[in-house]
Amino acid sequence: MKSRVLFLWAVLFLGGAVAGYGGEWFTGSWEAAIGFSPQGPQAFSSFESTLDVGIRVEFVELSSISDFIFDGWLWQEFDAMAGIGPVCFEGEVLFEPQSASFLYAQGIFSLEFDPMVVRFYGAFTGETQSESLNYGGVFEVYGELLGGLVTLQSLTYLGATLDEITFTAAATQTDSTLLTKTFLTDPSATPPGTAFSGEQFTVTANAFGCARLESITLFSATGFESEELELALGPLFGAPLILTLDLIYETQTASYVFTPSLETDYGCLFVYTTLVSTDTVIEAIDVYGIKFQATIGGATLTSISNLDTTQYVIIRPEYGWFIESLADALEDGYLFYPQEYWEVLAFEAQIPPFGSGLSFAVETCFSTTDGLLFEWAESTMGATFALGPYVSMSTGISIDTDGFREWTLSFRVAW
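Values in this document were obtained by computation on a predicted structure and should not be read as measured data.

Visitor: I would appreciate a short explanation of unusual backbone geometry in the present structure.
Guide: Across residues other than glycine, the phi torsion is negative in most instances, and most of the peptide bonds are trans. Of note, the amide linkage connecting Asp114 to Pro115 takes the cis form, showing an omega dihedral of 5°. Along the chain, Pro115 turns up in the loop between strand 6 (101–113) and strand 7 (116–125). Its identity as a non-glycine residue notwithstanding, Leu146 has a phi of 55°, on the positive side. Mapped onto the elements of the fold, Leu146 is located in the loop between strand 8 (134–145) and strand 9 (150–158).

Visitor: Would you take a moment to explain the pattern of salt bridges for this structure?
Guide: Any two side chains of opposite charge can pair, given that their charged atoms come close. The final tally for this structure, using the stated rule, is seven salt bridges. Residue Arg119 pairs with Glu140 through a salt bridge whose shortest N-O separation is 3.4 Å. Here Arg119, found in strand 7, pairs with Glu140, found in strand 8; they are 21 residues apart in sequence, far enough to count as distant. Exposure remark for Arg119: the relative accessible area of 23% places this residue in the partly exposed category. A salt bridge links Glu230 to Arg212; the shortest N-O distance between them is 3.8 Å. Of this pair, Glu230 sits in strand 14 (residues 223–233) while Arg212 sits in strand 13 (residues 211–220), placing them 18 residues apart in sequence. Salt bridges sharing partners connect three or more residues here, namely Asp67, Glu77 and Lys181.

Visitor: Can you walk me through a negative patch on the surface in this structure?
Guide: A surface patch of negative charge is lined by Asp163, Glu164, Asp328, Glu331 and Asp332. Looking at the element boundaries, Glu164 is found in the loop between strand 9 and strand 10 (165–168). Judged by its relative accessible area of 46%, Glu164 falls in the partly exposed class.

Visitor: Would you take a moment to explain the environment of Gly107 for this structure?
Guide: Within the element layout of this structure, Gly107 appears in strand 6. Overall, Gly107 belongs to the buried group, its relative accessible area being 14%. Residues Gly107 and Phe120 lie 13 residues apart in sequence; the distance between their C-alpha atoms is 8.1 Å.

Visitor: Where do I start with the packing of aromatic side chains in this structure?
Guide: Geometry of an aromatic ring pair is reported as the spacing of the ring centres plus the angle between the planes. Under the definition given, this model contains 18 aromatic pairs. Pairing Trp30 with Phe411 gives two aromatic rings, centres 4.8 Å apart and planes at 90°, and the pair type is edge-to-face. Placement of the pair is Trp30 in strand 1 (residues 26–36) and Phe411 in strand 26 (residues 403–414), with a sequence separation of 381 residues. A relative accessible area of 29% places Phe411 in the partly exposed class.

Cut-offs applied
Residues numbered from 1 in each chain as written. Predicted model: local features only at pLDDT ≥ 70, side-chain atom pairs only at ≥ 80, totals over all residues. Heavy atoms only, no water. Helix = DSSP H or I, 4+ residues; strand = E, 2+ residues; numbered from the N terminus. Salt bridge = Lys/Arg side-chain N within 4 Å of Asp/Glu carboxyl O. Buried < 20%, exposed > 50% of the residue type's maximum accessible area, 1.4 Å probe, protein only. Patch = residues over 30% accessible without salt bridge, like charges linked within 9 Å, V, L, I, M, F, W, Y side chains within 5 Å. Areas by Shrake-Rupley, 256 points an atom, 1.4 Å probe, with all protein chains shown as cover. Lys, Arg positive; Asp, Glu negative; His and termini not counted. Charge placed at Lys NZ, Arg CZ, Asp CG, Glu CD. Phe/Tyr/Trp six-rings, centres within 6.5 Å; stacked < 30°, edge-to-face > 60°.

Structure below.
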């Protein structure tokens with residue numbers, strides 16, 4: 001009995017020491033969400049959970065990120081960060097636990113001395129049944145001149161690019177944001193090795209507060225590839241209009257491409273447009289989307305309209321809530337609303353104290369399936385209760401034309 005009491009006191013003492021002093025060492029969070037389907041063939045419709053555990057000692061920080069869904073343990077990622085003065089290192093390693101296979105590793109070494117930054121990006125991809133192990137790197141030199149009015153960037157490709165690489169898991173639950181993992185350095189574009197594979201030199205200049213010029217010169221391993229000039233002017237004539245002109249020269253085809261675009265941003269109103277042109281003649285302005293967002297006090301109203309559902313889709317708020325072409329959304333790995341959804345209305349209200357109280361959100365979607373202007377498709381309502389920045393609990397329901405579709409419960413704990 002006495003030994004049990006001593007053991008209990010020892011546990012309490014160590015727990016208090018870790019909470020009181022070790023709180024500066026240990027960091028992390030755990031969040032989980034589960035969905036119930038009253039009318040579905042199974043009681044549970046969705047599940048996802050992320051456990052992020054880290055330790056920080058002096059200038060070194062290590063962390064482990066584990067993702068889970070209904071299919072089981074989805075991803076296992078290990079991150080490392082260390083920095084001493086101007087020298088910094090960041091590393092990431094990704095595994096697939098289901099097959100116990102290595103997928104990807106990335107390391108970034110940085111040396112900063114104002115106004116210049118020198119970085120080296122190195123990456124490996126694991127061997128699969130269809131592809132062999134691949135590796136490569138990128139050497140970057142970046143600098144800012146004249147207080148940031150002029151920036152210079154040189155990227156030397158050594159068997160890799162910075163066009164990002166995305167890993168997508170095959171699972172029965174297809175609507176989870178955890179299904180994809182995206183990293184910056186992509187060594188899969190060229191054969192394995194660190195031989196010279198290309199060079200990109202970028203210069204940007206800002207002038208008069210309304211003009212921005214960007215020049216991108218691209219070389220491949222065999223020589224000159226292309227030269228792209230982009231000129232952005234705006235706001236023009238006191239109106240929030242931004243005109244962007246792109247000129248692309250390619251020597252292999254001995255041709256150029258004139259790609260004009262128009263961007264309008266009236267504070268709370270954003271209009272998505274493209275300029276219809278033939279050669280160098282602008283014929284019309286095509287408006288394919290409108291987004292309205294206004295915040296008053298603790299309430300935010302958002303309306304986003306897709307006026308051309310044959311080519312564009314509405315990207316979900318987890319990725320920024322905007323309108324993009326279907327081809328680009330698939331290439332970028334974004335989750336989006338069904339293509340026939342042309343309008344999404346959302347309202348969110350927070351009850352003070354902000355960040356540590358109750359918040360309520362409702363979202364309604366309209367479709368074009370039957371050709372009616374206001375054809376209701378689905379609505380989602382939810383509430384979140386936060387106990388400061390460390391603990392929060394949420395619940396929500398989704399209703400569509402077939403009735404009560406899903407009820408979700410989620411929580412998040414951070415330390």
